[in-house]
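For reference, the chains in residue letters:
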Amino acid sequence: MAVKSKLVRCLAGGLVAAAAAAMPAQADMSGKTVTWVIPFSETGGSAKWANFFAPLLKEALPGKPTVVVKFMPGAGSTKGANWFQRQKHKDGTLLFGSSGSTQFPYLLGDRRVRYEYKDWNPVMATGTGGVAYLDKKSGAMFDGTANKLKDIEFIYGSQGATRLDLVPLLAWQMLGMKVEPVFGIKGRGDGRLMFERGEANIDYQTSSAYLAGSMPLVKAGTAVPMMSWGALDANGTIVRDPTFPDIATFKEVCEATDGCATEGDAWDAWKAFFVAGFPSQKIAFLPRGTPQDVIDTYVTAFNKVKARPDFAKISAKRVGKYPMFVGDGAKAALGTATSVPETAKSFVIGWLKEAYGVSLKKK
Amino acid sequence: MEFLTAALPALGEAAGLIFQPVVLGYLVLGVVMGLAIGVFPGLGGIAGLSLLLPFMFGMEPVLGLALMIGMVAVVPTSDTFASVLMGIPGSSASQATVLDGFPMARKGEAARALSAAFASSLFGGLVGATFLTVFILAARPVVLAFGLPEMLMVTILGLSMVAILAGRIALKGLAAAGLGLMVGTIGEADAGGSLRMATYEIPYLTDGLKLVIVGLGIFAIPEIVSLLRQDKSISRTATLGGGWLDGVRDWFANIWLSVRCSLIGVAVGVIPGLGGSVVDWIAYGHAVQTTRDKSQFGKGEVRGIVGPESSNNAKEGGGLVPTLLFGIPGSGSMAVFIGAVALLGSGDIEVGPSMLKNNLDITYSIVWLLALANVVGTLLCIASSSGIARLTTIRFTLVAPFLFMLIAFAAFQSGQDLFDLVALFAIGLIGIFLRRFDWSRPAFLIGFVLSNPAETFTNQAYQIAASRFRRGFEEGIEYIFSPIVIVLLVVTVVSIFFGIRQAKTIQAEGDVQSGTKRAPLVFLLLFTAYLAIAVIDASTIPDDVFTDKVFPLTIGAISVLCCLLLLFRMMTRPETDTIFADKEVSGDDAEAGHGLWPTLAWFGGLLVLSAVFGFIIALAAFLLAFFRMRAGLEWGRAAILTACGIAFMCLVAGLLNRDFPPGLLQSLVELPWPLT
């Protein structure tokens, strides 16, 4: 196998050299196997994401190589990411998918992190949004501000304060609400179930889960939408989420609520983690040292996927209605996802310690 | 009436969807693939489904469903082969089957045990499907009635099965379960992320130990090592008694037990968050309690097979309820299934609350495809059981190296880390000593399996109850003592009461003789030392993440107390007391031709070689050396068997797209697959 792939690489290299002047470099990948490594188990959202794109990518890459998704779970995805950091470019058949859960430990300076996003080459990124909602009783007290919610004891089913749940927990805290997270649930679906059973009285879901699981509750009158996290426009400003144009953003609610400010350390921190966790939640990378022609091959392929006439339709249900960033767009998304001001980082670390006793073992 | 108007047309449409030749063809294809994969311990439904995923994209929905359900449905059926024939629990669904299935195989009644298991599986699957057809429309409020206190009570009911399986000395069973619970807490705590008996320097430990590894280590390794030392075949008798028809008759004679256990399976399967991990133990406990003559349990009582096997297939049906109604997977394979369904067709079928409203026909198709797959799978399994049962007559020394190969591969698949093999070896050692000194291995396993649910449900229920009590005393009491909780509480108390009275008659390890004091005492001291260290370790967790330390502290302290009482008993009793039970004193192990350590060293050798040269090279060396030196074959035959083993391993890994454990060599030089 090694001999064969070497041969292909030589041939491909020769072809590239010969054709470089005439047309954009496109390495033929027929007969090869592209491995897309996901640092989570087969059962998570990232698995769904990669399994959706893998067959489309196969069609779009020159020579239609086989694309297989491989799972490397462990240590909250840092194991897989550390492994990917050690990989160097070989023949362009290795792809890695990171998620908000990989980005957060990086941002928080988790001591298990041995990877550096700046070394990697992003080729594609997709995002999502999120909506927070209240039970019927407290929903009646919600008037576009959190002013009347401040005396209610809220219970929230959470996966852990250092996960994506950091974004809603910090938002509620900034609004002056008393939300007690019940840690240890296994997924947001369990959180919704806890809400449905009446054990929790506040919850949030990512967009697709909200549409599928929580919207029926809203329609039945047992849940009241409170706010969305919003979406980013081209200038990086938070605007209303296009999927939920009728739901106010956290930014709006915060501005209307007494004592909540949309500037300062808390806000900067919230925004930074929101961006890393939602609008650029899942990113596909090529390893460090990948030459430009290979990057271009993948960017072209993902652009082809994006340009499929049926893409909007098939992607809506499976990965959500949010924009898919390719090439430079993905680079920009990575930039916002991984550059968080030091002050914001230390604010979050201090808050986690104070509010939940979570001490992050800094490097 | 409402049921009839909504369900009957949908049922008709579902029948129309299913009963097409091409759909049935895909179903059979899925079943055959599922059987092939399920036979391997530790692989199971997730591996199979992942294999199918690339083909699901845009596939005609009913065809894709037939293929996937065919595969998922038969895994709990086919993993029975490994449990009965080799004493290897293939998945969490077949742990209890090992207890009586394997002893039957050793009595030469493997075919009978297998077909009794398969008949029960089939029946359980059908009961599950029938029940679901009616129940699924009304299931929503029932599922929502199971809050955290209720789930905690089910977990405690599961733990109470320890009473029945505790063995001759109840305290020992309790301590074994305590150790299992403590081993289950290893790693990062769910709530505050504190480390328990782990360090970030060894990232492997922070994720905790996987059930596959613990199951293989506790049940499979001790049996394999023991059999290997005796150098006989699994079946003690040369001629196999009990054909497959006997097994079916056994099942029929116990049909009411089968009905009850099927219903237990559906009911527990319906509760999201618990999955199938407790079902087979609860069913086993029920089988024991309802049997008049309990003396045969653990020695090959067929009711000990019929019970769990009826429940574990019915559970698959029950597990569909949270999956289909709430979009919350009841198990790992169901999570992959949900993801895969979204890929089917144009992606219109969305598993979740809208499923019943928009796709009731598809829902019923899923339910009945599951039932149909059970029928096809069971018939295939029963047909092959007599033939496969002959494996038990082969000289075990020729089988064992392949088993070592399989369990090492299976263990590695759980975390794809060399530490998987180290953990397997370590847990295997614990299993060997638990077996030798007559500590209840099922109790340990139940403790391990239920450790995480027990801890999280306790913490969560406590937190929510506290908030309710702040609102008002009445509200708090109402929350904790719901009618369901009270019923479960009564059932638990009754089952513990009778369990303790009956435990003495159930000797899972047979009648173990006592002899010397030293070895059992040393083991107890080591056992206590681990628990004490774990308690001290837990006490160093800072108080502001109290939820991370309270569970290991409490459980650990109770277990240490049990150990101290045992220690006291050891000091006061003579060495003939049952507390000094030791298999090395007399019986099969004591009379075995080979010692424990040299035998274990073979397996250890495979692991060490893997760490240096990678799995495949290590395996080649191990197999060749074993067949030549231990089994005494001539070089030619040893080489042929080795080649077969390697070829088989490569075929499986190649088809499933799996890697082998790499060693030091692989980090220095790049080698072509499969040597990577």
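Residues numbered from 1 in each chain as written. Chains lettered and ligands numbered in written order. Predicted model: local features only at pLDDT ≥ 70, side-chain atom pairs only at ≥ 80, totals over all residues. Heavy atoms only, no water.

## Here we look at the overall build of chain A
Item 1. Looking only at helices and strands, chain A features 14 helices and 13 strands.
Item 2. Here chain A, with 363 residues, has 58% of them falling under the buried criterion.
Item 3. In chain A, the share of contacts with a sequence separation of at least 24, taken over all contacts with a separation of at least 6, comes to 77%.
Item 4. Placing the 45 positive and 32 negative side-chain charges of chain A at their respective mean positions leaves the two points 9 Å apart. (Helix = DSSP H or I, 4+ residues; strand = E, 2+ residues; numbered from the N terminus. Buried < 20%, exposed > 50% of the residue type's maximum accessible area, 1.4 Å probe, protein only. Contact = heavy atoms within 4.5 Å. Lys, Arg positive; Asp, Glu negative; His and termini not counted. Charge placed at Lys NZ, Arg CZ, Asp CG, Glu CD.)

## Points about the overall build of chain B
Item 1. When you go through chain B residue by residue, the secondary structure sums to 30 helices and two strands.
Item 2. Its C-alpha radius of gyration of 25 Å places chain B within 12% of the 26 Å reference for a compact globule of 676 residues.
Item 3. Overall, chain B is about 70 × 70 × 55 Å in size when its C-alpha atoms are taken along their principal axes.
Item 4. Considering chain B as a whole, with its 676 residues, one finds that 61% of them fall into the buried category.
Item 5. For chain B, the share of sequence-separated contacts (at least 6 apart) that also reach a separation of at least 24 residues comes to 81%.
Item 6. Looking at chain B, you have 39 positive and 46 negative side-chain charges, and the mean spots of the two groups are 10 Å apart. (Rg over C-alpha atoms; globule rule 2.2 N^0.38 Å.)

## Structural notes on the sheet that holds strand 5 (residues 130–135) of chain A
All names here are of chain A.
Item 1. Overall, antiparallel pairing links the three strands, which are arranged 8-5-9 in an open sheet. Each end of this open sheet is capped by a strand with a single partner; those strands are strand 8 (202–206) and strand 9 (223–228). Direction aside, neighbouring strands of the sheet carry axes that sit 30° apart on average. (Pairing = 2+ DSSP bridges. Axes fitted to C-alpha atoms, helices over the stretch in contact; angles between N-to-C directions.)

## Brief notes about the packing of helix 9 (residues 170–184) of chain B against helix 24 (residues 518–539) of chain B
Residues and elements named next belong to chain B.
Item 1. Between helix 9 and helix 24, whose axes approach to 11 Å, the crossing angle comes to 45°. With respect to each other, helix 9 and helix 24 are oriented oblique. Like other packed secondary-structure pairs, helix 9 and helix 24 cross with a definite hand, here left-handed. Only Phe527, Tyr530, Leu531 and Ala534 of helix 24 make contact with helix 9, whose side of the interface consists of Ala175, Ala176, Leu179 and Met182.
Item 2. In terms of residue class, the contact of helix 9 with helix 24 is built from eight nonpolar, no polar and no charged. (Parallel < 35°, antiparallel > 145°, perpendicular 65-115°, else oblique. Left-handed = near helix turned anticlockwise from the far one by under 90°. Nonpolar A, V, L, I, M, F, W, Y, C, P; charged D, E, K, R; others polar.)

## Some words on the state of the cysteines
Item 1. Applying the stated criterion across every chain, the model contains one disulfide over all chains.
Item 2. In this model Cys254 of chain A forms its disulfide with Cys260 of chain A; the gap between the sulfur atoms is 2.0 Å. Its S-S torsion of approximately -95° makes the covalent link between Cys254 of chain A and Cys260 of chain A left-handed. The residues Cys254 of chain A and Cys260 of chain A share a single accessibility class, namely buried.
Item 3. Left without a disulfide partner, Cys562 of chain B is nearest to the cysteine sulfur of Cys563 of chain B, which lies 6.8 Å away.
Item 4. In this structure Cys650 of chain B is not part of a disulfide, and its nearest cysteine sulfur, from Cys644 of chain B, lies 12 Å away.
Item 5. Relative accessible area serves as the criterion here: at 16%, Cys650 of chain B is assigned to the buried category. (Disulfide = S-S within 2.5 Å.)

## Re the pattern of salt bridges
Item 1. In this structure the tally under the stated criterion is 34 salt bridges over all chains.
Item 2. Across the pair Glu180 of chain A and Arg470 of chain B runs a salt bridge, and its minimum N-O distance is 3.2 Å. With Glu180 of chain A in strand 7 (residues 178–183) and Arg470 of chain B in helix 21 (residues 441–471), the pair connects residues from two separate chains.
Item 3. Here Lys345 of chain A and Glu342 of chain A are joined by a salt bridge, their closest N and O atoms 3.5 Å apart. Of the two residues, Lys345 of chain A and Glu342 of chain A both sit in helix 14 (residues 342–356), three residues apart, roughly one turn of that helix. (Salt bridge = Lys/Arg side-chain N within 4 Å of Asp/Glu carboxyl O.)

## Here's the deal with the sheet that holds strand 12 (residues 282–286) of chain A
Residues and elements named next belong to chain A.
Item 1. If you walk across this open sheet you meet the six strands as 2-1-3-12-4-13, and the pairing is mixed. Here the strands that pair on one side only, and so sit at the sheet edges, are strand 2 (66–71) and strand 13 (324–326). Across the sheet, the mean angle separating the axes of adjacent strands is 20° when strand polarity is ignored.
Item 2. Sheet topology places strand 1 (residues 33–38) next to strand 2; six bridges connect them, and they run parallel.

## Thoughts on the packing of helix 6 (residues 166–174) of chain A against helix 10 (residues 265–277) of chain A
Residues and elements named next belong to chain A.
Item 1. With their axes 9 Å apart at the nearest point, helix 6 and helix 10 run at an angle of 155° to one another. The pairing of helix 6 with helix 10 is recorded here as roughly antiparallel in orientation. Along this stretch, helix 6 crosses helix 10, giving a crossing that reads as left-handed. Of the residues in helix 10, those in contact with Leu166, Val167, Leu170, Ala171 and Met174 of helix 6 are Ala266, Trp267, Ala269, Trp270, Phe273 and Phe274.
Item 2. For the contact of helix 6 with helix 10, the residue count by class is eleven nonpolar, no polar and no charged.

## Examining the packing of aromatic side chains
Item 1. Using the criterion set out here, one finds 57 aromatic pairs over all chains in the structure.
Item 2. The interplanar angle of 80° and the centroid separation of 5.9 Å between the aromatic rings of Tyr115 of chain A and Tyr117 of chain A together place this pair among those described as edge-to-face.
Item 3. For Tyr117 of chain A, a relative accessible area of 1% gives the class buried.
Item 4. Site record: aromatic cluster; members linked through ring pairs are Phe402, Phe404, Phe425, Trp602, Phe603, Phe622, Phe626 and Phe627 of chain B. (Phe/Tyr/Trp six-rings, centres within 6.5 Å; stacked < 30°, edge-to-face > 60°.)

## Topic: the environment of Val179 of chain A
Residues and elements named next belong to chain A.
Item 1. Summarising the element assignment, Val179 is placed in strand 7.
Item 2. Judged by its relative accessible area of 15%, Val179 falls in the buried class.
Item 3. Measuring from C-alpha to C-alpha, the distance between Val179 and Leu169 comes to 7.5 Å, with ten residues separating the pair along the chain.
Item 4. Residues in contact with Val179, not counting those within four places in the same chain, are Phe154, Tyr156, Leu169, Trp172 and Ile202.

## Some remarks on the confidence of the model for chain A
All names here are of chain A.
Item 1. Overall, the prediction assigns chain A a mean pLDDT of 85, with 90% of residues at 70 or greater.
Item 2. Mean pLDDT values for the elements of chain A range from 42 in helix 1 (residues 2–19) up to 97 in strand 9.
Item 3. Note on residues 1–25: pLDDT under 50 across the span, and twelve contacts to partners over four residues away in sequence or across chains. (pLDDT = per-residue confidence, 0-100.)

## Concerning the nonpolar core
Item 1. Core analysis: the biggest nonpolar cluster contains 249 residues, and Trp36, Tyr298 and Phe302 of chain A have the highest contact counts within it.
Item 2. For this core, the element with the highest residue contribution is helix 4 (residues 61–86) of chain B, accounting for 16 residues.
Item 3. Of all hydrophobic cores here, the second largest spans 70 residues; its members include Ala81, Val113, Ala161 and Leu166 of chain A. (Core = buried A, V, L, I, M, F, W, Y, C linked by side-chain atoms within 4.5 Å.)

## A few points about a nonpolar patch on the surface
Residues and elements named next belong to chain B.
Item 1. Taken together, the side chains of Phe473, Ile477, Phe481, Ile486, Leu489, Val490, Val493, Val494, Phe497 and Phe498 present a nonpolar region at the surface, about 910 Å² in accessible area.
Item 2. Mapped by element, the contributors of at least two residues to the nonpolar patch are helix 22 (473–480) and helix 23 (483–503).
Item 3. Top contributing element to the nonpolar patch by residue count: helix 23, with seven residues.
Item 4. Assignment of secondary structure puts Val493 in helix 23. (Patch = residues over 30% accessible without salt bridge, like charges linked within 9 Å, V, L, I, M, F, W, Y side chains within 5 Å. Areas by Shrake-Rupley, 256 points an atom, 1.4 Å probe, with all protein chains shown as cover.)

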